[in-house]
Amino acid sequence: MGGAKSALELLEDLISDLEAKLNLAPGADVKSEGSDKKQQQKQGKQNKKDKKQQAKEKPAGKAKGSGGAAADPVDPNLPDICKLEFKVGLIKKAWVHPDADKLYCEEIDCGEEGGPRQIASGLRAHYSLDEMQGKRVLVVANLKAKNLVGFKSHGMVLCAAETNADGSEKVEFVEPPEGAPLGEVVTFEGLPPPAPFSASQVEKKKLFAACMDGMKTNDQCEGTYNGHVFMTTAGPCKGASIKGGAMR
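The model shown is predicted, which means the values in this text are computed figures rather than measured ones.

Conventions and cut-offs
Within every chain, residues take consecutive numbers counted from 1 along the sequence as written. Restriction of local features to residues with pLDDT of at least 70 applies here, the model being predicted, together with a cutoff of 80 or more for giving and counting side-chain atom pairs; totals for whole chains, interfaces and linings are based on all residues. Side-chain numbers come from the whole structure's heavy atoms, not from hydrogens or water. Per the convention used, a helix needs a DSSP run of H or I reaching at least four residues, while a strand needs a run of E reaching at least two, with both numbered from the N terminus. Each residue is assigned to one of three classes by its accessible area relative to the maximum for its type, calculated with a 1.4 Å probe on protein chains only: buried under 20%, partly exposed between the two thresholds, exposed over 50%. By the convention used here, residues are in contact when the closest approach between their heavy atoms is within 4.5 Å. A 3.5 Å cut-off defines polar contacts: any pair of N or O atoms within that distance qualifies, except that in protein one atom must be a possible hydrogen donor and the other a possible acceptor, and neighbouring residues in sequence count only when both atoms are side-chain atoms. Each salt bridge in this description consists of a side-chain nitrogen of Lys or Arg and a carboxyl oxygen of Asp or Glu lying within 4 Å of one another. Between any two strands, at least two bridges found by DSSP are needed for them to pair. The predictor attaches a confidence to each residue, called pLDDT, with possible values from 0 through 100. Side-chain rings of Phe, Tyr and Trp, where Trp is taken by its six-membered ring, are said to pair if the distance between their centres is within 6.5 Å; with planes under 30 degrees apart they count as stacked, over 60 as edge-to-face, and otherwise as tilted. Any Lys NZ or Arg CZ found within 6 Å of a ring centre and within 35 degrees of that ring's normal is scored as a charge over the ring.

(A) Representation of the overall build of the chain in the model. Helix and strand counts for the chain come out as five helices and 15 strands. Counting every position in the chain, which comprises 248 residues, the buried fraction comes to 32%. In the chain, of all internal contacts separated by at least 6 residues, the share reaching a separation of at least 24 is 63%.

Dropping the structure here:
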């Protein structure tokens, strides 16, 4: 004969029933799901704080997107010519500009991943179309692109010029030596390595115009800036015959 259960027995029955519903082992601790989530969130926030603190304590590292060491500040004494970028190039194709009497259009290989540059040059009075093909040249590579009679020119080729006795002008390329690789950036004998400015900076500061007075060929027809020879790993860059000619 069964009697009425005591209050303790009723409580134990309720606990057993709850453990069964929650799929808990008898006597296991009961933690709410919400409590677990709160604990995880709290731990996650603490981890983020720790990472931020570690980042603050680290010394300054590489510049973002540089792929190497952080960029050095520009030397305030760097000569203007070292802020320009002269690249060794090869004219792969040249044609007559359809709408300009003095211009050739060229495709020039400067060893760049994007392929040949398109450049327009006012050289029709000085070179035949055949003479343009396959010519090794120096390209001023960090100038802003310009529209020349509807043709977008991405740089310019460097030439030397002199005035003839009859008042006409003689113009010829300042050419890199045969062994200089395409894309090589010209250095200047006795000056620091070039640190080319962006095209926007070159235009804003009028750097090419600022250098023009100092750019001349010497008695060996070599390109110079205030006497410092334009150099490649294969030797100096020079014109064919012009001595003491302005370079532009």
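Read on, since the account is not over.
(B) How the structure looks around the side chain of H97. For H97, the location among the structural elements is in the loop between β1 (86–96) and β2 (104–109). A polar contact is formed between the side chain of H97 and the backbone nitrogen of A100, at a distance of 3.4 Å. Apart from residues no more than four positions distant in its own chain, H97 is found in contact with L103, Y104, C105, R124, L148, V149 and F151.

(C) Representation of the pattern of salt bridges in the model. Per the stated rule, a full pass over the model turns up six salt bridges. Here K83 makes a salt bridge to D80, at a shortest N to O gap of 3.1 Å. On the accessibility criterion, D80 (25% relative accessible area) is partly exposed. The salt bridge partner of R117 is E112, with a shortest N-O separation of 2.9 Å. Through salt bridges with shared partners, a single ionic network connects K87, E112 and R117.

(D) A look at the pairing of strand β3 (residues 117–121). The element β3 is extensively covered by neighbouring structure, given that four of its five residues are classed as buried. In this sheet, β3 lies alongside β2 in antiparallel orientation, the contact comprising five bridges. Its bridge partner being in β3, Y104 is matched across the sheet by S121.

(E) Inspection of the confidence of the model for the chain at higher detail. On average, the chain scores 84 in pLDDT, and the residues at 70 or more come to 71%. Across residues 56–71, where pLDDT falls below 50, the model places seven contacts with residues more than four positions away in sequence or in other chains.

(F) Here's a closer look at the packing of aromatic side chains. Applying the stated criterion across every chain yields a total of five aromatic pairs. Ring centres 5.2 Å apart and planes at 70 degrees place the aromatic pair F86 and F230 in the edge-to-face group. Pair noted here: F86 is in strand β1 and F230 is in strand β13 (residues 228–232), with a separation of 144 residues, a long-range link. The exposure classification of F86 matches that of F230, with both residues buried. One aromatic cluster is present, built from ring pairs that chain together F86, F188 and F230. Positioned above the aromatic ring of W95 is the side chain of K93, whose terminal nitrogen or guanidinium carbon lies 5.2 Å from the ring centre.

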